[in-house]
Amino acid sequence: APQVAAIGMASLVALAIGMIAPANWLNLTLSARDVGGVIMPQGMIMDRDTPADTMRDMAAADPRLVTASYDLAAKGDRELPFRMESGVKVFELRPSVIRWHILPDITVEAYAYNDQIPGPRIHIRQGDRVRINVTNGLPEETTVHWHGLILANQMDGPAGITQPPIEPGETYSYEFTATQHGTYFYHPHAKPDRTQALGLYGALIIDPADPADEVAADHDYVIELQEWLVREGLTYPSMPMDGGMPNFFTINGKAYPSTETIRMKVGETLKVRFIGTNNGFIHPMHIHGGPFEVVARDGETISPSARFLADTVNVGPGQRYDVVWTARRLGKWLIHCHIPHHTTNNNAEVKGGGGLMVVIDVT
Ligand SMILES: [Cu+2]
């Protein structure tokens, strides 16, 4: 009996040391402290070989860093004002963490340019010289990439490749002349996997120098797509991987039924500019009520003889499609993603849909 008791005691001491030592000197140092106590969504897997930075990249936006909150009425994609300096249009962009309503009862803690989702619309004209000062109000590094533009390499944005990242509190100035025209967008090129998924994107619309080069329509509507992962009150960057799948979807920062309604009359035409600001998923965007004409792709106008009719276009990450739809009949016609899960809110249908859905009301 004494021998069994002695072996039992020694085993218990060894077990206690084996639990207490790694918890104090190894595990806590490598996980919780390194990543500031951030947590990952349920279902994401982290093993001993996963670096702590990976856990940070998959973590929720920190609600304590929110600097401003907005109600459902706040809109994104508002045209960004500029000032003229020696013939240069000067814009200011400032990403920071905000709280944003995507539905009456659902908010996201988002990374946002100039306090709005999507970021403000930069609307310029072909031939313009522009300067965009980016001041980083985020808790982590950033840069901005001007997707699709022909410009000097050091203005292109990839962090660690063409420029050092813009650290929190720092400013970097991008300057270029817009030689192209059409539908473009901007987004971060430092950790886009995390920071674009949390809300950093905005439209860049360039009018042609010669107005005759514009494909005319009676109405012009920009659609910026995005997926969100909201769980237990925290907002995570959604990713196409186990534990990271999105449960909310927005058009211009709102989920149906909180998306806008487009109002037009029979016989009028509507140009929809689909922008693939979504960075983890592809959305087959469909319009009811008959085909539309695809008139531009990735900012490039398609020559009249090569334009084609379709009723669905796959809007993948980074892609843009300008399509012209004609209101042929009276009534309420839908623009929506054709993956039905993407037209739900947290897996539930509300008022006939959800997520990536907009009504065109033709009178
Ligand atoms: Cu979709």
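All values reported here derive from a predicted model rather than from experimental measurement.

(A) Spatial organisation of the layout of surface pockets. In this model, the largest pocket occupies a volume close to 280 Å³. Lining of the largest pocket is provided by 15 residues; of these, Lys-75, Gly-76, Tyr-221, Asn-252 and Glu-260 occupy positions nearest its centre. Broken down by element, the lining of the largest pocket gets its largest block of residues, three residues, from strand β12 (residues 219-231). When we break the lining of the largest pocket down by domain, the ones giving at least three residues each are domain 2 (63-213) and domain 3 (219-362).

(B) Geometry of the coordination of the copper ion. Every protein donor of the copper ion is accounted for by His-283 (ND1), Cys-337 (SG) and His-342 (ND1), and the metal-donor separations fall at 1.9 to 2.1 Å. Residue classification places Cys-337 among the buried residues on the basis of a relative accessible area of 1%. The exposure class of His-342 is buried, given its relative accessible area of 7%.

(C) Main features of the pairing of strand β23 (residues 331-337). Across three bridges, strand β17 (residues 283-287) lies against β23 in antiparallel orientation. Along β23, the bridge assignment pairs Met-285 with Cys-337. Relative to strand β24 (residues 357-362), β23 is paired through six bridges, and the arrangement is antiparallel. Bridge pairing links Lys-332 to Asp-361 in β24.

(D) Up close: empty space enclosed by the protein. In total, this model carries one cavity of 30 Å³ or more according to the counting rule given. Volume-wise, the largest cavity comes out at about 90 Å³. Along its surface, the largest cavity is lined by 14 residues, and His-181, Glu-214, Lys-271, Thr-301 and Asp-322 are the ones closest to its centre. When contributions to the lining of the largest cavity are tallied by element, the ones reaching two or more residues are β16 (269-275) and β18 (292-297). Of the residues that constitute the lining of the largest cavity, the class distribution is five nonpolar, four polar and five charged. Split by domain, the residues of the lining of the largest cavity number at least three in each of domain 2 (63-213) and domain 3 (219-362).

(E) Representation of the sheet that holds strand β1 (residues 68-70) within the structure. On the basis of which strands lie adjacent, the open sheet formed by three strands has the order β1-β4-β5 and mixed pairing. Single-partner strands in this sheet number two, and they are β1 and β5 (106-113). Put simply, the sheet's adjacent strands are angled 30 degrees from each other on average, direction ignored. Pairing between β1 and strand β4 (residues 95-103): three bridges, direction parallel. The residue bridging Ala-68 from the neighbouring strand is Ile-98, located in β4.

Cut-offs and rules
Residues numbered from 1 in each chain as written. Predicted model: local features only at pLDDT ≥ 70, side-chain atom pairs only at ≥ 80, totals over all residues. Heavy atoms only, no water. 1 Å grid on protein atoms, 1.4 Å probe; cavity = no way out; pocket = protein on both sides within 12 Å on 5 of 7 lines; lining within 4 Å. Points joined across faces, edges and corners; volume = space filled by probe spheres on them. Helix = DSSP H or I, 4+ residues; strand = E, 2+ residues; numbered from the N terminus. Domains from an automatic or database assignment. Donors = N, O, S within 2.8 Å, 3.2 Å for Na, K, Ca; no water. Buried < 20%, exposed > 50% of the residue type's maximum accessible area, 1.4 Å probe, protein only. Pairing = 2+ DSSP bridges. Nonpolar A, V, L, I, M, F, W, Y, C, P; charged D, E, K, R; others polar. Axes fitted to C-alpha atoms, helices over the stretch in contact; angles between N-to-C directions.

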